[in-house]
Amino acid sequence: MENNMKFFIITIILSLFPANLVLGQAGNLDISRFGGKPNTDIAKAIVSAFTQACAATTPSKIVIPAGKYIMGSVDVKGPCKAPIELQVDGTISAPTDATTLKGVEYWFKISHVNSFTLSGVGVFDGLGPSAWKQNDCTKNKDCKMLCMNFGFHFLNDSTIRDVTSKDSKNFHVNVLECGNVTFDGFKIIAPAESPNTDGIHIGRSNGVKILNTNIGTGDDCISIGDGTSNVVVQNVNCGPGHGISVGSLGRYENEEPVEGLLVKNCTLKNTDNGVRIKTWPSDLGATVTDMNFEDITMINVSNPIIVDQEYCPWNQCTKEKPSKIKISKVSFKNIKGTSGTKEGMSLICSKGVPCEEVQIADVDLTFNGAETSAKCANVKPIITGKAPVCAA
């Protein structure tokens, strides 16, 4: 009789709680379960769903179905107990009134999570045009930074797949202190005139891959910041934009080395620059090494190949001191197509620390049907096959 009573009590207790909570399982979590409805702000619903998924001991998926949604800023963080996937198939728009974002740096930020996946055919629309006119960074070096679409910080073994970032107010994506993060089939859309809308910026991260991705924006399609290593950029289309860049470096103290970059099988079309390494003229030092650019097609790219160690946009510095960023082991191989200017290659290295071990192989760029020229300073490139002739 006593055993039967215990069983009866346990049965009643279990009936009061969903089985998935009792077992520590979240499973598929449709956003509607947390009050997330089309044409409403789903920020709180996403945070609630993530909180439940993060506590689960088995893998879970948060689903935002097709439809139109609004989202205020979201900032979620781990650590979590099991892998989490956020599948977005709807179109999510930032608030029309940017002040409701309350000056946050990121519209959607996720940090300190292992095995996170962002997937789906959805669109994150930052409604940038309403904010771009507020950007005065070309005139003011202390300008107020607008909100970025995504902040991926301290993520490991994670994937961002297929979703679209549209019209961010500032950078589309900032990757910081991450390990083994892959972007695959990701899309970035913004017009050429959108200011400071870098596509994917990577800083202090290791093992980031950007694959099969289309980026059109108003600044660098991809930019590599200090402390970054072992990055692969492959099968990426860039344009419009400012190209694929390492740097800028040498502007801030205590910058860490950049090493290990492969840019391969990429196409750049109608961009201001192609592939480049840029450092500020200053007495702040670091190193850039093992940079490899190969099998790249340029289509009407204004400055296809650049090393610029006198980078000084908007005259915000002087060139009295040469850059102390040491650049070595750089290769440009099998780069073909058309330049938008006569000068197809510009290698302007630092007179303080000249570039070393620079290889140029099979570079075939034309301007209006004629071969392009090249300018070189403080570097003695090793040239094999066809390449523009260096002039001082």
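(A) The overall build of the chain, seen in detail. Of regular secondary structure, the chain possesses four helices and 32 strands. By its C-alpha atoms, the chain is 95 × 40 × 40 Å across when sized along the principal axes. Scored against the burial criterion, the 392 residues of the chain give a buried share of 51%. In the chain, once contacts between residues fewer than 6 apart in sequence are set aside, the share between residues at least 24 apart is 74%.

(B) Representation of unusual backbone geometry within the structure. Of note, the amide linkage connecting Gly78 to Pro79 takes the cis form, showing an omega dihedral of 10°. Relative to the helices and strands, Pro79 resides in the loop between strand 4 (74-77) and strand 5 (84-88). Following Gly239, the chain continues to Pro240 via a peptide bond in cis, the omega torsion being 0°. One non-glycine residue, Glu357, adopts positive backbone phi at about 55°. Relative to the helices and strands, Glu357 resides in strand 28 (residues 356-367). Note on Glu357: relative accessible area 47%, which makes it partly exposed.

(C) Expanded view of the packing of aromatic side chains. This structure, assessed with the given rule, holds 10 aromatic pairs. Look at Phe293 and Phe332: their rings are 5.2 Å apart centre to centre, the planes differ by 10°, and that puts the pair in the stacked class. In this pair, Phe293 is assigned in strand 24 (residues 285-301) and Phe332 in strand 26 (residues 324-339), connecting sequence segments 39 residues apart. Phe332 matches Phe293 in its accessibility class, with the two residues each being buried. Here the aromatic residues Trp107, Phe108, Phe124, Phe150, Phe152, Phe183 and Phe186 are joined through ring pairs into a cluster of three or more.

(D) Structural view of the side chain of Asp167. Among the structural elements, Asp167 can be located in the loop between strand 11 (164-166) and strand 12 (173-176). Residues within four places of Asp167 in sequence aside, it is in contact with Asp125, Gly126, Leu127, Gly128, Pro129, Trp132, His172, Ile189, Ala190 and Pro191.

(E) Just the pairing of strand 4, in detail. What you see with strand 4 is a clean split: Val74 and Val76 sit on the buried side and Asp75 and Lys77 on the side with no burial. Bridge count for strand 4 against strand 7 (residues 106-114) is four bridges, and the pairing is parallel. The residue bridging Val74 from the neighbouring strand is Phe108, located in strand 7.

(F) Geometry of the pattern of salt bridges. As enumerated under the stated definition, the model contains 14 salt bridges in all. Among the ionic pairs, Lys264 bridges to Asp295, the shortest N-O distance being 2.7 Å. Taken together, the residues Lys264 in strand 22 (residues 258-269) and Asp295 in strand 24 connect sequence positions 31 residues apart. Here Glu356 and Lys326 are joined by a salt bridge, their closest N and O atoms 3.3 Å apart. Here the residue Glu356 occupies a position in strand 28, and Lys326 occupies one in strand 26, the gap between them amounting to 30 residues. Residue Lys326 is classed as partly exposed on the basis of its relative accessible area of 22%. Within this structure, Asp125, Lys166 and Asp167 form a network of salt bridges that share partners.

(G) Quick look at the state of the cysteines. The full count for this structure, using the stated rule, is four disulfides. Paired by a disulfide, Cys349 and Cys355 hold their sulfur atoms 2.0 Å apart. Between Cys349 and Cys355, the S-S torsion sits near -100°, and that sign places the bridge as left-handed. Across the pair, Cys355 and Cys349 agree in class, each one buried. Here Cys178 stays unpaired: no disulfide links it, and the sulfur of Cys80, its closest cysteine neighbor, is 14 Å away. Sulfur of Cys266: no disulfide; nearest cysteine sulfur belongs to Cys238 and is 8.7 Å away. When its relative accessible area of 1% is taken as the criterion, Cys266 is described as buried.

(H) Just the side chain of Lys169, in detail. Secondary-structure assignment places Lys169 in the loop between strand 11 and strand 12. From its side chain, Lys169 meets the backbone oxygen of Gly126 in a polar contact 2.5 Å long. Excluding its chain neighbours within four sequence positions, the residues that come into contact with Lys169 are Ala94, Ala98, Leu101, Gly126, Leu127, Gly128, Ala131, Trp132, Leu146, Cys147, Asn149 and Pro195.

(I) Quick peek at the confidence of the model for the chain. Mean pLDDT over the chain stands at 92; residues scoring 70 or higher make up 92%. For the stretch residues 1-23, pLDDT sits under 50, and the model shows eight contacts to residues farther than four places along the chain or on other chains.

(J) Just helix 3 (residues 43-55), in detail. Over its 13 residues, helix 3 runs 19 Å from end to end, which matches the ideal 18 Å to within 8%, given 1.5 Å per residue. Elements in contact with the buried residues of helix 3: strand 1 (27-30), strand 2 (60-64), strand 4, strand 5 and strand 7.

(K) Region of interest: the pairing of strand 2. Of all five residues in strand 2, four are buried; the element is thus mostly enclosed. The pairing of strand 1 with strand 2 spans four bridges and is classified as parallel. Counterpart to Asp30 in the pairing with strand 2 is Val63. Handedness of the strand 1-helix 3-strand 2 crossover: right-handed. In this sheet, strand 5 lies alongside strand 2 in parallel orientation, the contact comprising five bridges. Opposite Ile64, over in strand 5, you have Val88 as the bridge partner.

Cut-offs and rules
Residues numbered from 1 in each chain as written. Predicted model: local features only at pLDDT ≥ 70, side-chain atom pairs only at ≥ 80, totals over all residues. Heavy atoms only, no water. Helix = DSSP H or I, 4+ residues; strand = E, 2+ residues; numbered from the N terminus. Buried < 20%, exposed > 50% of the residue type's maximum accessible area, 1.4 Å probe, protein only. Contact = heavy atoms within 4.5 Å. Phe/Tyr/Trp six-rings, centres within 6.5 Å; stacked < 30°, edge-to-face > 60°. Pairing = 2+ DSSP bridges. Salt bridge = Lys/Arg side-chain N within 4 Å of Asp/Glu carboxyl O. Disulfide = S-S within 2.5 Å. Polar contact = N/O pair within 3.5 Å; in protein donor to acceptor, adjacent residues only side chain to side chain. pLDDT = per-residue confidence, 0-100. Expected span 1.5 Å × (residues − 1). Right-handed = clockwise from strand over helix to strand, strands pointing away.

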